[in-house]
Amino acid sequence: MKKTDKINKIRNIGIIAHIDAGKTTVTERVLYYTGSSHKIGEVHDGEAVMDWMPDEQERGITITSAVITCHWKGSEIQIIDTPGHVDFTIEVERSLRVLDGAVGVFCAVGGVEPQSETVWRQADKYLVPKIAFINKLDRIGADFFSAVKMMKEKLSVNPLILQLPVGMEEDFAGIIDLINMKQMVWDNETLGATYTTKDISSDYLEKAEEYREKLVETIAEVDDEIMEAYLSEAPISGESLLDAIRRATIDLKLVPVLCGSALKNKGIQPLIDAIVRFLPGPADIPPAKGLHPETEKALECTAKDTEPLAALIFKVSMMEGRKLSYVRIYSGKMKAGEDVYNPLRKTKEKLSRILRMHANKKERINEAGAGSIVGIVGLKLSSTGETLCSIDNPVVLEKMEFYEPVISVAVEPKTHADQEKLNEVFNKFITEDPTLTVRKDEDTGQTILSGMGELHLEIIISRMQREFKTSVNVGKPQVVYRETIEKEAEASAIFDKEVAGQRHFGEVSLKLKPLKRGEGKRFRSEIADETIPEVLIPAIEKGIMQSLESGILMGYPVVDVEAVLTGGSYRESLDTELAYTVSASMACKEALANGKPFLLSPIMIVEIFVSESFIGDVIGDLNSRGGKIESIESNTGIQVIKATVPLSSMFGYSTSLRSATQGRGTFTMKFSHFDKS
């Protein structure tokens, strides 16, 4: 096989969805039918291959994105199974950054749920082509067409129905393939490994013909070749339809929709066929973009083994005490034992071992080429979001964005032995997860651990005990606030001291202005060149920015302010960077105190799903928490309440919601912005 053929046979795909839509169950079936696992692991039994962490098995949810490789009809599929819970959004974000295609799994009962919408938008951000799989058609309340309608309305996509379900709920028996106009029925005796293809039964023929016509019309609208054949009423072969669907999917014009029931082993093989047939290989997508680290010239990394190496570390994990880096190779190839270059850290790194990943099992390989997703052991300094390349052709690939943590807990070790291990354990977690931060509160001496949500921090504490045998006492979750000012304020400060035998002098005058919410912080100078030498301005900016990292109310970072340098003075030979950094910091603190400082709370977007009978109680409870109702929508017998609520009043909300709705209400919550609560 030629190398170009090999790269065309690779599919790097992610399985994305809302929590409990059946992502992991779909993945387990894919692994079973492709021969990568010898038995089907069930999430509810805690035996799913992809959910290998003890916390995942106990809770029945995916926490960390797992990578696995399987083969189907000559193609190599590298799958990343991503979490559905909003606390682990970073896992989805960094996975989508390196994928070529995605399968969105939707529950036929719930349709497009809030987290499905979030991850779909994340995939849109990275221009990832997608196909959709409507799952759980065997469940009571399943409605295939309602789920497709919700895709149109909520995700603003153009769905292309390729299959129709035969029956629904407990009568769900198989699917109709609209391209080949055949009916497929699965054999329960072989756990769905075998199925029969037959002519469409008379009960469904009329509907199938109607939807086949709609299928051709939809493709004709976005593909000139099919449009030409359609208008001239020439016969359109299945093969030419498949080619047109592939083009439209890769160009993000259409989203092919398939259906089935993963738990009942129906519809998975056609889904794997669709992954190979419609989603792009590494060579089908635009080359990865990067910059030359010195000249900042724009560079493109074409997906060929013969090109210079360009690879992105999208995740770091600690396995058996060793650092394992997950890498997507965009161009060139890697060989075990060779050196690679990290342009951000300006260091060489050795590739001790290259591993093909099968969830938490690993297979050693000697080399990996363009398009591959592999694990690497041996990188000492490189971390998430950094580039590996050849020293002769350096390139920095586009960086990944990370989220700010919004919730904190105080953590203290239980024993002296735990105290000694604690910092090392925290460093390992922060290396793995960029959304975690650890800081020491100078006033209380407490160690503060911050993350994306209560569940996120709960899992980290659990893993500290399980994996690192480190026991800690945990304080009540605290909200991570921000500080800002209400009015414009001015201040001046002089630093005139002798330090280490040298005299330092600096005088700075500045004013702080409040900005609109979400504008961050910025600095500008309004002084003439002769007031303070220009070379000292960066030292002044540094002092101001350091000062804004910790506000005067409760020590939280200051945001939404502009610092303007308005004056100052200098003395020849005594004006040092230290003096101006300190005087700028002193002036900034004084201006903050004069500017009527106040706290900004993290405001969360909350979506609550309740039945009609409980809606009054839920709204009353939200109002008592300072929430603002944005909208109430009806969705297949369930009311969806959208509201914005300060995070500080959302602790323990899941318990309150359960008691108010007899255990039937559910909710999702994600960070929106900082504001006055």
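Here's a quick rundown of the structure. Please read all numbers here as calculations on a predicted model, not as lab measurements.

Some remarks on the overall build of the protein chain
Stage number 1. Scanning the protein chain for helices and strands turns up 16 helices and 38 strands.
Stage number 2. Every one of the 677 residues in the protein chain was classed for burial, and the buried ones make up 55%.
Stage number 3. Working note: accessible area of the protein chain is about 29,700 Å², and carbon and sulfur atoms make up 48% of it.

Quick word on the sheet that holds strand β12 (residues 288-291)
Stage number 1. Spatial strand order, β13-β12-β24: three strands in an open sheet with antiparallel pairing. Of all strands in the sheet, those with a lone pairing partner are β13 (298-301) and β24 (396-397), marking the two edges.
Stage number 2. Examined bridge by bridge, β12 and β13 share four bridges and lie antiparallel to one another. When the bridges of β13 are listed, G290 appears paired with L299.

A short note on the sheet that holds strand β9 (residues 182-186)
Each strand in a sheet pairs with another by means of backbone hydrogen bonds, the pair being arranged parallel or else antiparallel.
Stage number 1. Strand order in this open sheet of four strands is β7-β8-β9-β10, and the pairing throughout is antiparallel. Where the open sheet ends on each side, the last strands, each with one partner, are β7 (163-166) and β10 (195-198). Averaged over all adjacent pairs, the angle separating strand axes in this sheet is 25 degrees, with direction ignored.
Stage number 2. Bridging between β9 and β10 involves four bridges; their strand directions are antiparallel. When the sheet's bridge partners are listed, Q183 is paired in β10 with K198.
Stage number 3. Strands β7 and β8 (174-177) of the sheet are contacted by helix α7 (residues 202-222), whose axis makes an angle of about 160 degrees with β7.

Section: a nonpolar patch on the surface
Stage number 1. Residues I552, L553 and M554 make up a contiguous nonpolar surface patch of about 270 Å² in total accessible area.
Stage number 2. As for its position among the elements, I552 is in the loop between α13 (537-548) and β34 (561-569).

Here's the deal with helix α11 (residues 416-432)
Stage number 1. For α11, spanning 17 residues, the distance from its first C-alpha to its last is 25 Å, which sits close to the expected 24 Å at 1.5 Å a residue.
Stage number 2. L422 marks where α11 bends most, by close to 40 degrees.
Stage number 3. For α11, every residue scored as buried is listed here: D418, L422, V425, F426, K428, F429 and E432.

Here's the deal with the environment of R356
Stage number 1. Relative to the assigned elements, R356 resides in strand β19 (residues 353-358).
Stage number 2. Put simply, R356 and I376 are 20 residues apart on the chain and 9.0 Å apart in space, counted from C-alpha to C-alpha.

Considerations on the side chain of K130
Stage number 1. As for its position among the elements, K130 is in strand β5 (residues 130-135).
Stage number 2. A polar contact of 2.7 Å, which involves the side chain of K130, links it to the side chain of D124.
Stage number 3. Separated by 2.9 Å, the side chain of K130 and the backbone oxygen of V128 make a polar contact.
Stage number 4. What K130 contacts, discounting residues up to four positions off in sequence, is A102, W120, A123, D124, T249, L254, V255, P256 and L279.

Quick notes on the packing of aromatic side chains
Stage number 1. Summed over the entire model, instances satisfying the criterion amount to seven aromatic pairs.
Stage number 2. When the ring of F106 is compared with that of W120, the centres are 5.6 Å apart and the planes differ by 45 degrees; the resulting orientation is tilted. Placement of F106 in strand β4 (residues 101-107) and of W120 in helix α5 (residues 114-125) is noted, with a sequence separation of 14 residues between them.
Stage number 3. Taken together, a centroid distance of 5.4 Å and an interplanar angle of 35 degrees make the contact between F145 and Y211 tilted. Of this pair, F145 sits in helix α6 (residues 144-155) while Y211 sits in helix α7; the two residues are 66 residues apart in sequence, bridging distant segments of the chain.
Stage number 4. Judged by its relative accessible area of 26%, F145 is partly exposed.
Stage number 5. Pairwise contacts between aromatic rings join F144, F145 and Y211 into one cluster.
Stage number 6. K130 extends its terminal NZ or CZ atom over the ring of W120, reaching a point 5.1 Å from the ring centre.
Stage number 7. Over the ring of Y211 we find K214, and its NZ or CZ is 4.4 Å from the ring centre.

What to know about the nonpolar core
Stage number 1. V26, I77, V103, I134, F144, M151 and I219 are the most contacted members of the largest nonpolar core, which totals 98 residues.
Stage number 2. Considering each element in turn, this core owes the most residues, seven residues, to helix α10 (residues 268-278).
Stage number 3. Aside from chain neighbours lying at most four places away, what touches I77 is R11, I13, I68, T69, C70, W72, I272, I275 and V276.
Stage number 4. Counting 33 residues, the second-largest nonpolar core is a separate cluster that includes L436, L449, I460 and M464.

A closer look at the pattern of salt bridges
Stage number 1. Counted according to the given criterion, the structure contains 26 salt bridges.
Stage number 2. Measuring nitrogen to oxygen at the nearest pair gives 2.7 Å for the salt bridge that ties K130 to D124.
Stage number 3. Taking the shortest distance from any N to any O, the salt bridge between K264 and D138 comes out at 3.2 Å. In this pair, K264 sits in the loop between β11 (255-259) and α10 while D138 sits in the loop between β5 and α6, placing the two residues 126 residues apart along the sequence.

Rules used in this analysis
- Throughout this document, residue positions are counted from 1 along each chain, in the order its sequence is written.
- Selection of residues for local features in this predicted model requires a pLDDT of at least 70, selection of side-chain atom pairs for listing and counting requires 80 or more, and totals for whole chains, interfaces and linings are taken over all residues.
- Just so you know, side-chain values use all the structure's heavy atoms and leave hydrogens and water out.
- Helix and strand assignments follow DSSP, with helices taken as H or I runs no shorter than four residues and strands as E runs no shorter than two, numbered in order from the N terminus.
- Residue burial is assigned from relative accessible area. The probe radius is 1.4 Å, only protein chains are included, and a residue is buried under 20% of its type maximum, exposed over 50%, and partly exposed in between.
- Method for areas: the Shrake-Rupley scheme with a 1.4 Å probe, in which residue coverage is limited to the protein chains shown.
- Strand pairing is assigned whenever DSSP identifies at least 2 bridges connecting the two strands.
- Structural elements are reduced to axes, namely lines fitted to C-alpha atoms, with helices fitted over the stretch in contact, and the angle between N-to-C directions of any two is expressed from 0 to 180 degrees.
- The contact definition used throughout considers only heavy atoms, calling two residues in contact when any of these lie within 4.5 Å.
- Residues form patches when they are more than 30% accessible in relative terms and have no salt bridge. Like charges link within 9 Å. Nonpolar side chains (Val, Leu, Ile, Met, Phe, Trp, Tyr) link within 5 Å.
- Salt bridges, as used here, are contacts in which a Lys or Arg side-chain nitrogen is within 4 Å of a carboxyl oxygen on Asp or Glu.
- One less than the number of residues in a helix, times 1.5 Å, gives the span that helix is expected to have.
- Each residue is assigned a bend, namely the angle between axes fitted to the seven residues that terminate at it and the seven residues that start at it.
- A 3.5 Å cut-off defines polar contacts: any pair of N or O atoms within that distance qualifies, except that in protein one atom must be a possible hydrogen donor and the other a possible acceptor, and neighbouring residues in sequence count only when both atoms are side-chain atoms.
- Between rings of Phe, Tyr and Trp, where Trp is taken as its six-membered ring, a pair exists when centres lie within 6.5 Å; planes separated by under 30 degrees are stacked, by over 60 edge-to-face, and by other angles tilted.
- Two conditions define a charge located above a ring, namely a distance within 6 Å from the ring centre to NZ of Lys or CZ of Arg, and an angle within 35 degrees of the ring normal.
- Definition of nonpolar core: a set of buried residues of the types Ala, Val, Leu, Ile, Met, Phe, Trp, Tyr and Cys, connected through side-chain atoms within 4.5 Å.

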